[in-house]
Amino acid sequence: MLTLFVDKPKQSSLMKTLIVYYSFSGNNELLAKKLQALLNCQIVKISEPKRRTGLTIMLDLLFKRNPKIGPVNLLVSEYDHLIFIAPIWAGRIATPLKVFIKSLDKNITNYSFISLCGGSDNRKVLSELVYLTGKKPLKLLEVTVNDLLPAGTAIKQTSFYKVKEEDLLRIEDILHHFIRQTVPVIAPSAKTKN
Ligand SMILES: Cc1cc2nc3c(=O)[nH]c(=O)nc-3n(C[C@H](O)[C@H](O)[C@H](O)COP(=O)(O)O)c2cc1C
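Residues numbered from 1 in each chain as written. Predicted model: local features only at pLDDT ≥ 70, side-chain atom pairs only at ≥ 80, totals over all residues.

## Digging into the overall build of the protein chain
Looking only at helices and strands, the protein chain features five helices and eight strands. Looking at the 194 residues of the protein chain, the share that counts as buried comes to 31%. A fraction of 77% describes how many contacts in the protein chain between residues 6 or more apart in sequence connect residues 24 or more apart. (Helix = DSSP H or I, 4+ residues; strand = E, 2+ residues; numbered from the N terminus. Buried ≥ 20, exposed ≤ 12 C-beta atoms within 10 Å, placed from the backbone. Contact = placed C-beta atoms within 7 Å.)

Written as structure tokens, this is what we have:
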């Protein structure tokens, strides 16, 4: 697991959070829904009108294509913190999420990025995020497939591992830590008295 705390949240009160995710084979969808249940926040999925395949992933990467994505019927500017969740393909953020972030035209207050990925060399992801948003993320969290497996059962071929609900129990601490760092709550003393 790689975790990088890059920037301090710019707000101290309860932040309105939105999870925006893309998932091809379901792993990041499970993670996004798990985090949504913990945060009790809004969630939206990036969809694609065209069928996605392994081949179209490679073609997107090879020809730097920007795939068409479905409409997101939410006013993203109403949220203080966007949590982007998506797989990493060949060291890059999955293209459908990239297209969505690009469409925001750098109008983002706070954001974080989480990927449930295979665990290869993903050093370019941070610079991609900065390029797309014009700022650093509050937090960049890479959870690898092997982080989800019992100790001593690490696998080499992580790309095709289908994550199960119970696997995510192993990263609950990581998710709670993420929430504590990125979603500040109003301190009890600051609450208005009746
Ligand atoms: C074509 C392809 C390329 C991939 N490249 C990477 C990579 O560069 N780094 C990495 O950590 N994982 C890589 N992976 C693994 C995926 O990020 C991982 O399987 C992820 O959990 C899939 O998410 P999804 O089920 O939400 O689509 C790759 C997977 C595929 C299919």
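Structure's up, so let's keep going.
## Brief notes about the site of the ligand
In the neighbourhood of the ligand, 20 residues make up the surrounding shell, with Asn27, Asn28, Pro87, Cys117 and Gly118 lying closest. If one sorts the elements of the shell around the ligand by residue count, helix α1 (residues 27–39) sits on top with three residues. Class assignment of the residues belonging to the shell around the ligand gives a composition of eight nonpolar, 11 polar and one charged. (Near = placed C-beta within 6 Å. Nonpolar A, V, L, I, M, F, W, Y, C, P; charged D, E, K, R; others polar.)

## A look at the nonpolar core
In this structure, Ile19, Val20, Tyr21, Phe84, Ile85, Ala86 and Leu97 are the most contacted members of the largest nonpolar core, which totals 38 residues. Among the secondary structure elements, those contributing two or more residues to this core are β2 (17–21), α1, β4 (81–85), α3 (95–103), β7 (110–117), α4 (124–133) and β8 (139–144). The element that contributes the greatest number of residues to this core is β7, accounting for five residues. In this view, valine 20 contacts Val44, Ile46, Leu82, Phe84 and Phe100; residues no more than four positions away in its chain are not counted. (Core = buried A, V, L, I, M, F, W, Y, C linked by C-beta atoms within 7 Å.)

## So, α3
Among the residues of α3, Thr95, Pro96, Leu97, Lys98, Phe100 and Ile101 are the ones counted as buried. Looking at the buried positions of α3, the neighbouring elements they touch are β2, α2 (54–62), β4, β6 (92–93) and α4. Where α3 terminates, the next one or two residues include aspartate 105, which has phi positive at roughly 55°.

## Section: α1
If you check α1, its first and last C-alpha atoms are 19 Å apart, about what 13 residues at 1.5 Å a residue would give, namely 18 Å. Among the residues making up α1, those that are buried are Asn27, Asn28, Leu31, Ala32 and Leu35. Along the axis of α1, the buried positions cluster into a sector of 130°, meaning they face one direction only. Check the buried side of α1 and you find it contacts β2, β3 (42–45), β4, β7 and α5 (172–182). Just beyond α1, the residue with positive phi is asparagine 40, at close to 55°. (Expected span 1.5 Å × (residues − 1). Arc of directions from axis to C-beta.)

## Thoughts on the confidence of the model for the protein chain
On average, the protein chain scores 90 in pLDDT, and the residues at 70 or more come to 89%. Across residues 186–194, where pLDDT falls below 50, the model places three contacts with residues more than four positions away in sequence or in other chains. (pLDDT = per-residue confidence, 0-100.)

## Comments concerning unusual backbone geometry
With a phi close to 45°, alanine 90 is a non-glycine residue in the positive phi region. Its place among the elements puts alanine 90 in the loop between β5 (88–89) and β6. Given 12 C-beta atoms within 10 Å, alanine 90 falls into the exposed group. Despite not being glycine, lysine 106 shows a phi value in the positive range, around 70°. As for its position among the elements, lysine 106 is in the loop between α3 and β7.

## Remarks on the environment of isoleucine 179
In this fold, isoleucine 179 is placed in helix α5. Through-space distance from the C-alpha of isoleucine 179 to that of leucine 39 is 7.8 Å; in sequence the pair is 140 residues apart. Discounting residues that sit within four places of it in the chain, isoleucine 179 has contacts with Leu38 and Leu39.

## Details of the pairing of β8
Taken across its six residues, β8 has six buried, putting it largely inside the fold. Neither face of β8 is open: one carries Lys139, Leu141 and Val143, the other Leu140, Glu142 and Thr144, and all of them are buried. Strand direction decides the pairing type here: β7 and β8, joined by six bridges, are parallel. Residue pairing in the sheet places leucine 116 in a bridge with valine 143 of β8. (Pairing = 2+ DSSP bridges.)

## Regarding the environment of serine 103
One can find serine 103 in helix α3. Distance from serine 103 to threonine 133, taken between C-alpha atoms, is 10.0 Å for residues 30 residues apart in sequence.

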